[in-house]
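The lines below spell out each chain.
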Amino acid sequence: MHTTTTHFHLRDEGAGGSDGIVIPLQLLQDSAYQSVYVAPIYVGPNHNQYLLQVDTGSSDLWIASTACSTSACNDVGGNRYDPSQALPTGQTLGIEYAEGQASGPVVWDTVQIGGYSIDHQALIAASTVNAEPLSSNFAGVLGLALPLNSLIAQKIPPTTSDSPDGAALSSNLFGITPVNTAPPARFLSLALERPGSDRVQSTLGIGRHPKDLVPDPAKIQYATTVPEMAGSLWWQASVRGITVYVDGQPKPIALPSSSTGPHGLPSAILDSGVPLIIANPSITYGIYGAMGYSPASDGNVYIPCNTPLNITITLDDRSEIPLHPLDLSYFPPGDASAENCIGAIQTPDHIGLSLTQADLILGVPFLRNTYTVLGYDPPAANGSFPPNVGASQRIQPRLGLMRLTDPATAADEFHQVRVLKQPLGSGSGASSGAKQAPSKKGLSVGVEVLIGLLGFFGLCFVLFGARLAYMKRRWVRQRKSLAAADGASGGDSKEGSYVLNELGYFPARSKSHSSEPSEDELRMKRYEEYKRRRDLESQYTDDTAATRVNGPDDGADEFGLLNAKTPGDSPEARFRDPWGDTLVDSRTPLPQSPPTVDELALPPPIVRRSSYVPTSSPLTHHRTPSGGPSSATPLLSHARTNSNPRDSEDIAEFGMPSPRDPERPQSMAGIGTSARSRRLGSAGSGSALQLPPSPLLSPEERRSSPSRLAPPSPRALDPVFSGSRNESRVSVIGHES
């Protein structure tokens, strides 16, 4: 037989003895319908382990023995009990269940459970087992019903002495001597897990509650059991109410009058060995009828698998206990994808059972929703039991129940499994009325997206800040490196920068000193600046080679302002322009007599033209004795040759008279070096220019060598700067020796 096994999830809680113990149970499933919870026990002098079903509906212990040859025993395999070393009692006994049967000789053997050892425990070495889902993990039954229900005890009556008897395991367990080795209190507890969920662990407690599941024992609700004529046989309670909720609306079920419970109320037996809820027909069909369902031809009631069955049951004077809808229907055997499921509430006739002791048997589907306490003494108000004083105590059974299922959580889990087709995850399942580890509710998708966006922008901000700090630090290092390089360059770098600044050229700062302009580049820059300034000044000057200075006394200054006539006043007397290598052409012969001392006197200081005041004496040009005969003839009085209309217009602009218009004032502007003679001759001509003989030469030199003016080299054109950057003039340098 194929079985699905859920292994033990927990280790034992408690040390046994006077501390009590909680034993983990193991869930076995042959199908969705069949569920078996087994506990480990150790039997015989060799302490062989056997897994036995925990059954609260019976009171006897039996194990499939090596003498069993039925098909059910064969499924156990080699893990069968060998009673050869046990003490025989001489009794044979058979037990009938709602489903299944076992029989065999009764023997005494040593049994250990949860660390508690019982000598001479009576049990059945089953030689025949039928209709039981035995397996290698399921070799027998451990009955935990009240001792009065024990069939072995009826065969072998219990005694108060230490001699072997037929007492039930629970009686022997709580009567262990000495007392300090027995359980601290006389109660057993049971919690059953739901398949696919581990919120509630399957446990069997002996004199101890599982602390995680039951932190406060006062929340457990107790009531006396319903006795029989001979006394209390089962863990039985009266049924006060059953309610079906349809679309959120409660529909109470009418309960029939019954003789099994007090005051005509129906009663129910809590049986962990039954995988169903069995109820008489009036209750069963009343429940399904409230939802509009009726039994099919095969006796089963089919309901859609995605339709929850929401029921609560009230036992005695306790609060109503909600049942999980996943526990109340199951898929047909072998068809887990069926659309219609079988209801887990069935009638006794449908399973071939004659139910006379109670109106309901609340099996596994009910017990999964409660923490069940099987007490042999009345508890205190705080849920604690009196201490165990030994086997002489009278049994006063109390049944305690604590709900484990929350209706809202159960509805969500049913939707998850049956509608969404998703299995239950870890931590799902029942929710306890006791304090449990709180389930963590996940954040909505919108909140998660918002958190993700905030985290993204925060990361971007951090990265941007880091990048900014890095760039700032790099910039500071570059500044320091550049400053160090400038310091290492010495005066050359400073001088070069000064020259470039004086020329109006500001080069871009380079990253290193190695990229500074070379001396040749600086010289070329100076030359280009010089040419630019020359071109700029040429717009306001004229060329001396094409200018003849010989105008009337009423001339004008270079800015066109007419001067008052004064005796001896002339343009030569009113102007003293600092032009260096002035080229002057005069048709008047030089005087032959040497100059006098007065004639050799230095001229007055040069003043700016804007503040010039005319003097009474004419300005004359002095020659040195070594240059030939001295002359007091005005140097600027020469005839104009090779003039053109444009040149006339240019000099007229500055106040000098034009040959075409003598009344027009003349100016000294344009009288300059040979470099300024670019406007002589044809435009753009680069050849040397034929000029008249210079008056400074002797007649023989003038006849033998005509004067030519060659283009100067760039080196000869270097200007001499005055204090102002914008005032670049060539100084008049005399030839005094």
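As the structure is a computational prediction, the values presented were derived from the model and not from experiment.

Explain a positive patch on the surface to me, and be specific about the residues and the numbers.
Taken together, the side chains of Arg467, Arg473, Arg474 and Arg477 define a basic patch exposed on the protein surface. If you trace the backbone, Arg477 turns up in helix 7 (residues 445-489). Judged by its relative accessible area of 40%, Arg477 falls in the partly exposed class.

Explain the pairing of strand 26 (residues 370-375) residue by residue, including any values.
Within strand 26, six of the six residues are buried, which leaves it mostly tucked inside the rest of the structure. Side chains Thr370, Thr372 and Leu374 of strand 26 all project onto a buried face; the interleaved residues Tyr371, Val373 and Gly375 project onto the opposite face, where all are buried too. Bridge analysis of strand 12 (residues 187-191) against strand 26 gives four bridges, and the strand direction is antiparallel. Its bridge partner lying in strand 26, Phe187 is registered against Gly375. Here six bridges tie strand 26 to strand 27 (residues 398-403), and the two strands are oriented antiparallel to one another. Looking at strand 27, one finds that Thr370 is bridged to Arg403.

Describe the state of the cysteines, and please don't skip the residues or the numbers.
Enumeration over the complete set of coordinates arrives at two disulfides. For Cys305, the disulfide goes to Cys341, at an S-S distance of 2.0 Å. Sign of the S-S torsion, about 110° for the bond between Cys305 and Cys341, identifies this disulfide as right-handed. One end of the pair, Cys305, is in the loop between strand 19 (302-304) and strand 20 (310-315); the other, Cys341, is in strand 23 (residues 340-343), and 36 residues separate them in sequence. Here Cys305 and Cys341 have matching classes, each one buried. Looking at the protein chain, its bonded cysteines, counted consecutively from the start of the sequence, adopt the pairing 1-2, 3-4.

Explain the pairing of strand 3 (residues 26-29) residue by residue, including any values.
What you see with strand 3 is no split at all: Gln26 and Leu28 on one side and Leu27 and Gln29 on the other are buried throughout. As paired elements, strand 3 and strand 4 (residues 35-43) share four bridges and run antiparallel to each other. Paired with Leu27 across the strands is Tyr37, a residue of strand 4. The hairpin formed by strand 3 and strand 4 contains five residues between the paired strands.

Cut-offs used in this document
- Residues numbered from 1 in each chain as written.
- Predicted model: local features only at pLDDT ≥ 70, side-chain atom pairs only at ≥ 80, totals over all residues.
- Heavy atoms only, no water.
- Patch = residues over 30% accessible without salt bridge, like charges linked within 9 Å, V, L, I, M, F, W, Y side chains within 5 Å.
- Areas by Shrake-Rupley, 256 points an atom, 1.4 Å probe, with all protein chains shown as cover.
- Salt bridge = Lys/Arg side-chain N within 4 Å of Asp/Glu carboxyl O.
- Lys, Arg positive; Asp, Glu negative; His and termini not counted.
- Charge placed at Lys NZ, Arg CZ, Asp CG, Glu CD.
- Helix = DSSP H or I, 4+ residues; strand = E, 2+ residues; numbered from the N terminus.
- Buried < 20%, exposed > 50% of the residue type's maximum accessible area, 1.4 Å probe, protein only.
- Pairing = 2+ DSSP bridges.
- Disulfide = S-S within 2.5 Å.

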